[in-house]
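Spelled out, the chains give:
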Amino acid sequence: MCGIVGLFLKTQRHESELGRLTALMLEQMTDRGPDSAGFAVYGDDRDDRTKLTVLSEGVDTDWGEVCARLEVALDGAVAHRMVLDHTILETALDGVDVRRWVIQNVPDSTVLGSGHAIEIYKAVGDPRLVAERYGLAERTGTHAIAHTRMATESAVTTAGSHPFSTGEDTCLVHNGSLSNHNLLREILESKGESFQTENDTEVAAGYLAWRLREGDTLVEALERAIDELDGFYTFCIGTRDGFAVVRDPIACKPAVVAETDDWVAMASEYRAIAQLPDVADAEIWEPDPAKIFAWSRA
Amino acid sequence: MTVLDLSTGTLREVNSILQAAESGDYVVAHPQGAHALACGLDAAVGVRVDGPVGYYCAGMNQQATVLVDGNAGTGLAENIMSGSVTVTGNAGQSAGATGHGGLVVVHGNASARCGISMKGVNIVVGGNVGHMSAFMAQSGNLVVLGDAGADLGDSIYEARLFVGGSVASLGADCVEKEVRPEHLEFLAGCLVDAGMDADPSDFRRYGSARALYNFHPDDVDAIRDAAGAADNRGEDR
């Protein structure tokens, strides 16, 4: 089944409580996905610094030592801070170079995402506990997307949890299942994408990453995805300055969107949105099938 | 008037009280998008829900009059048998699905598959309906004051569809039909029942061309080809 939520703040009014509101929304979707959960938070956006979120599950990595080696290898300063098994690297170096170096040189680690604003956290377990463990409620920022998972297409693992990164500052959560992911995975691998799981959503993320790398805008990439991805999906896609929602042409997987002057929210069910301030004044609707809804501050 | 507060009572408690009621009027406060609220009622009670509800509100309703002052999620009044269910805001997908009788009124928009497989219910939507509305509709009336999305009335049997605005496209075997005096008479009464202000003469009528009703020998080759293709893909049939 799975539950997805997204909250994009159109104004600064609720930025200090972005995490608290997202956690309330996420918890409401527990019934839809009690296996595992994850969230991406966008905040503290700085042009001169890239953040990389790295998961080191079940291993005791000495990140001080790793950063020292990384600084020598790429000739630039790298700071790190840890949130349990997630490590955030902060650097003025090129994010793509750092990501590649970490993947090649730090075994048993998975780079969950990178960008100027994004941080991604995910884990197996009850969504409320996952949110508490990684301090979602205390986070501030401009927008967040989150996911509760009931696995159907691949194993219940942290790596198989959402959100999946689709490139710099871009990530994806998914409710549904894709039926042509094995074929698409082979095609994308031949185009240079690499995959870390057997998960169908990772293929959708890889597809968007490929199209964005080829120069498509997000809307162009999503329009193409509607033609090429076969299956059921409601996607919520986070970008550096906004988010987008898209459903397959049949649109069986639920989605509801609400908008006020201060925020736009999407969720699998209204009860997640019911937690938000001034919801009584919100315009609320179900997004049309095969239509791209996107918001940004730009 | 009895007030049932979902911020203090559980959904099961509230539904149990409503389902046991034989008469009277009830107000449900703080619904917060709860699912399956006021389901399975079978008495002439009045229920007003003060706020938005989640999935399957007032499902299987019989006799009761349910008013939701807010929006409703997926499956509003699913399989309604009699009575009425009214929503002041928008309704999610599959509103009035498989309804056998009674009246479903949505003052805002209803989303995809409104009235799917309806079997006698009357559904009145003040705004627009989404794609695949009245899919496989068998009986009853769908009245849409606004526009209808793509594939209206796909594979329809005998329901009557009235649309005041535009139709994005008609589904398979759904065609426009003449509006006769009995249709104007029906619309006039139905719109009054629904509390809608519209002129019956502004509606166009759609219904079944009845071309998909029966097996036709000319179709046998197409059916055989489809079956062969399924075999080649190793699918179960």
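These notes cover the structure that comes with them.

Reading the values: the criteria
- Each chain carries its own residue numbering, running from 1 in the written order of its sequence.
- Chains and ligands are labelled sequentially in the order written, the chains with letters from A and the ligands with numbers from 1.
- Given that this is a predicted model, residues contribute local features only at a pLDDT of at least 70 and side-chain atom pairs are listed and counted only at 80 or more, while totals for whole chains, interfaces and linings are drawn from all residues.
- In computing side-chain properties, one takes all heavy atoms of the structure into account and sets aside hydrogens as well as water.
- Every helix listed is a DSSP run of H or I at least four residues long, and every strand listed is a run of E at least two residues long, numbered separately from the N terminus.
- Every radius of gyration here is taken over C-alpha atoms, with the globule rule written as 2.2 Å times N^0.38, N being the number of residues.
- Think of it in three bands: residues with accessible area under 20% of the maximum for their type are buried, residues over 50% are exposed, and the middle band is partly exposed, with areas taken using a 1.4 Å probe on protein chains only.
- The contact criterion used throughout is that any non-hydrogen atoms of two residues lie within 4.5 Å.
- Note on areas: Shrake-Rupley with a 1.4 Å probe; residue coverage comes only from the protein chains shown.
- Charged residues are defined here as Lys and Arg on the positive side and Asp and Glu on the negative side; His and the ends of the chain fall outside this count.
- Here the site of a charge means atom NZ of a Lys, CZ of an Arg, CG of an Asp or CD of a Glu.
- The working definition used for a salt bridge is a side-chain nitrogen of Lys or Arg within 4 Å of a carboxyl oxygen of Asp or Glu.
- Two N or O atoms form a polar contact when they lie within 3.5 Å of each other; inside protein one atom must be a possible hydrogen donor and the other a possible acceptor, and for residues adjacent in sequence the pair counts only when both atoms belong to side chains.

We now examine the overall build of chain B. Per the secondary structure count, chain B includes 3 helices and 11 strands. Ordered by position from the N terminus, the helices and strands of chain B form the series β-α-β-β-β-β-β-β-β-β-β-α-β-α. Relative to the compact-globule value of 18 Å for 237 residues, chain B shows a C-alpha radius of gyration of 19 Å, a close match. Its C-alpha atoms give chain B principal-axis dimensions of about 65 × 50 × 25 Å. Buried positions account for 51% of the 237 residues belonging to chain B. A separation of at least 24 residues holds for 22% of the contacts in chain B among residues at least 6 apart in sequence. Here chain B displays about 10,400 Å² of accessible surface, and carbon together with sulfur accounts for 49% of that area. In chain B, 13 positive and 28 negative side-chain charges are present, and the distance between their average locations comes to 6 Å.

Residues and elements named next belong to chain B. By the secondary structure assignment, Asp173 is in the loop between strand S9 (160–163) and strand S10 (174–177). Look at Asp173: it is buried, it has no salt bridge, and the nearest opposite charge is Arg210 at 7.9 Å. Within the local environment of Asp173, its side chain forms a polar contact with the backbone nitrogen of Leu212, the two atoms lying 3.2 Å apart. In contact with Asp173, other than residues within four places in its own chain, are Ile156, Gly207, Ser208, Ala209, Arg210, Ala211 and Leu212.

Locating Arg32 of chain A in the fold gives a position in the loop between helix H1 (18–28) and strand S2 (36–42). In this structure the side chain of Arg32 of chain A is engaged in a polar contact, spanning 2.8 Å, whose partner is the backbone oxygen of Cys2 of chain A. A polar side-chain atom of Arg32 of chain A sits 2.7 Å from a polar atom in the side chain of Glu269 of chain A. Sequence-distant contacts of Arg32 of chain A, that is, excluding residues within four places in its chain, are made with Met1, Cys2, Gly3, Thr148, Met150, Asn175, Pro254, Ser268 and Glu269 of chain A together with Tyr55 of chain B.

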